[in-house]
Amino acid sequence: MATAFKGASFEYYGRQYRDIFARSHVVLELRETAGAVENVKLLLDPKSDVQIAFVTGGISDSKHAPGLLSLGTAYNQPFWIFYVAEEPLHRLSQLKGKRIAVGPQGSATRLSAEKILGKGGINAQTASLLPFAGNAAVKALQDGKLDVVWIIGSPDATAVKSLLGAPNVKLLAFPVAEAFTRIYPDLISLVLPKGIIDIDAVVPPNDVPLIGTTVKVLVRSDLHPEIVQLLLQTMVEIHRGPEIFQRPGEFPNGTDTEYPVAQTASDFYKNGPSFMQRHLPL
């Protein structure tokens, strides 16, 4: 299974998938990668041995990556812009001249950063775009090597969680989040509710509008159907509960506008696991 770099939400959830697979005596080997863009390439390469991968929306589709099947949408994933500065920042254009971690080449982190930050005039000519990502980006920010970290991930991902709890780190809001979703249909508008990180201390002090995307699980079409069933049950166990950016039961679901959903997955979301799968070990 292709995940991502250390501290990323793909890596965070990949470890949980591995633990659940182990309960059925199936070894799930996690492949550390640069992120979603590389993950799609690995799935398409029969020599890579990668059969499963996390991928974000807007990276590719069945036309450009034939032979891949979707198991549906797993969860919402926000984009975060964390920064260290004395004065609060309110616009993307204020990031000009800053040292910004945007992730390595081959990552959805970098691809989304170049696309979205570019709308505010932030590019390699107006700012220093550096390949730090995940835990490495957090450390670089703490060490004073960065001014800004652009990161994709769930609030529980190691890197995001540490930045949300850092007293000297601020979070840039997206007041025009809805506009971005109209310009880029693969994006979604999200809100980080007031006080959700720390209710007593009221962190954040206000609702913070954000933009993000959805995360899907893709598989090679030749992956064994019983492993697909195990994957689907794993997705339900991990992603069905309430989270900051989703309601209980909202995920996983069998929708995907970019890739064909595997028939096994469609049947699973409609009827649940079969009698044999519910009562007998794999």
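Structure: see above.
Rules behind the numbers
- Residues numbered from 1 in each chain as written.
- Predicted model: local features only at pLDDT ≥ 70, side-chain atom pairs only at ≥ 80, totals over all residues.
- Heavy atoms only, no water.
- Helix = DSSP H or I, 4+ residues; strand = E, 2+ residues; numbered from the N terminus.
- Rg over C-alpha atoms; globule rule 2.2 N^0.38 Å.
- Buried < 20%, exposed > 50% of the residue type's maximum accessible area, 1.4 Å probe, protein only.
- Lys, Arg positive; Asp, Glu negative; His and termini not counted.
- Charge placed at Lys NZ, Arg CZ, Asp CG, Glu CD.
- Core = buried A, V, L, I, M, F, W, Y, C linked by side-chain atoms within 4.5 Å.
- Contact = heavy atoms within 4.5 Å.
- Patch = residues over 30% accessible without salt bridge, like charges linked within 9 Å, V, L, I, M, F, W, Y side chains within 5 Å.
- Areas by Shrake-Rupley, 256 points an atom, 1.4 Å probe, with all protein chains shown as cover.
- Salt bridge = Lys/Arg side-chain N within 4 Å of Asp/Glu carboxyl O.
- Axes fitted to C-alpha atoms, helices over the stretch in contact; angles between N-to-C directions.
- Parallel < 35°, antiparallel > 145°, perpendicular 65-115°, else oblique.
- Left-handed = near helix turned anticlockwise from the far one by under 90°.
- Polar contact = N/O pair within 3.5 Å; in protein donor to acceptor, adjacent residues only side chain to side chain.
- Arc of directions from axis to C-beta.

A. Looking closely at the overall build of the chain. From N to C terminus, the chain includes 9 helices and 8 strands. On C-alpha atoms alone, the chain measures out to a radius of gyration of 19 Å, which is about the 19 Å that the 2.2 N^0.38 rule sets for 282 residues. Taken over 282 residues, the chain has a buried fraction of 49%. Within the chain, the 27 negative side-chain charges are centred at a point lying 3 Å from the centre of the 27 positive side-chain charges.

B. How the structure looks around the nonpolar core. In terms of nonpolar packing, the biggest core is built from 70 residues, with Y17, L71, L117 and W150 touching the most fellow members. Excluding anything up to four places from it in sequence, Y17 contacts M1, L28, F54, V217, L231, T234, M235, I238 and H239. Grouped together as the second largest cluster of nonpolar side chains are 22 residues, W80, V149, I151 and V208 included.

C. Structural detail: a nonpolar patch on the surface. Nonpolar side chains collect at one region of the surface, where I196, I197 and V203 lie side by side and expose about 190 Å² of accessible area between them. Tracing the chain through its elements places I196 in the loop between strand 7 (188–192) and strand 8 (208–220). Residue classification places I196 among the partly exposed positions, given a relative accessible area of 37%.

D. Local environment of the packing of helix 1 (residues 9–23) against helix 7 (residues 225–239). Packing of helix 1 against helix 7 leaves a shortest axis separation of 10 Å and a crossing angle of 125 degrees. By the angle class used here, helix 1 and helix 7 are oblique. The interaxial crossing formed by helix 1 with helix 7 has right-handed handedness. Taken together, the residues of helix 7 that come into contact with helix 1 (itself represented by Y13, Q16, Y17, I20, F21 and R23) are I227, L230, L231, T234, M235, E237, I238 and H239.

E. Focus on unusual backbone geometry. With omega at -5 degrees, the peptide bond leading from V203 into P204 counts as cis. Position of P204 relative to the elements: it lies in the loop between strand 7 and strand 8. In the segment running from F251 into P252, the intervening peptide bond is cis, with an omega of -10 degrees. By the element assignment, P252 lies in the loop between helix 7 and helix 8 (263–271). Here H25, not a glycine, exhibits a phi torsion of approximately 60 degrees, which is positive. When you line up the elements, H25 lands in the loop between helix 1 and helix 2 (36–44). The class of H25 is exposed, set by a relative accessible area of 74%. Positive phi is not limited to glycine here, since V202 has a value of about 55 degrees. For V202, the location among the structural elements is in the loop between strand 7 and strand 8. Judged by relative accessible area, V202 falls into the partly exposed class, the value being 34%.

F. Inspection of the pattern of salt bridges at higher detail. Across all of its chains, the model carries 11 salt bridges by this definition. Among the salt bridges present, the one from K216 reaches D256, with a minimum N-O distance of 3.0 Å. Residue K216 is located in strand 8, and its partner D256 is located in the loop between helix 7 and helix 8; the two are separated by 40 residues in the primary sequence. The two residues K216 and D256 agree in class, both being buried. Put simply, K216 and E258 hold a salt bridge, and the shortest N to O gap is 2.4 Å. Highlighted residues: K216 in strand 8 and E258 in the loop between helix 7 and helix 8, separated in sequence by 42 residues. Overall, the relative accessible area of 17% leaves E258 in the buried class. Ionic contacts of the salt-bridge type, sharing partners, join the residues K216, D256 and E258 into one network.

G. Structural detail: the pairing of strand 5 (residues 148–152). With respect to burial, strand 5 is a largely interior element, 5 of its 5 residues being buried. Judged by which residues are buried, strand 5 turns out to be covered on both faces: V148, W150 and I152 on one side and V149 and I151 on the other are all buried.

H. Structural detail: the side chain of T33. For T33, the location among the structural elements is in the loop between helix 1 and helix 2. Looking at T33, its side chain comes within polar contact range of the side chain of N39, at 2.7 Å. Excluding residues within four positions of it along the chain, T33 makes contact with A2, T3, A4, F5, E38, N39 and L42.

I. Focus on helix 4 (residues 134–142). Every buried residue of helix 4 is listed here: G134, A137, V138, A140 and L141. Down the axis of helix 4, the buried set is contained in an arc of 165 degrees. They therefore lie on one face. Along its buried surface, helix 4 packs onto strand 3 (99–101), strand 5 and helix 5 (158–164). Looking at the residues trailing helix 4, positive phi occurs at G144, about 80 degrees.

Purely spatial values, then, with no claim about function.
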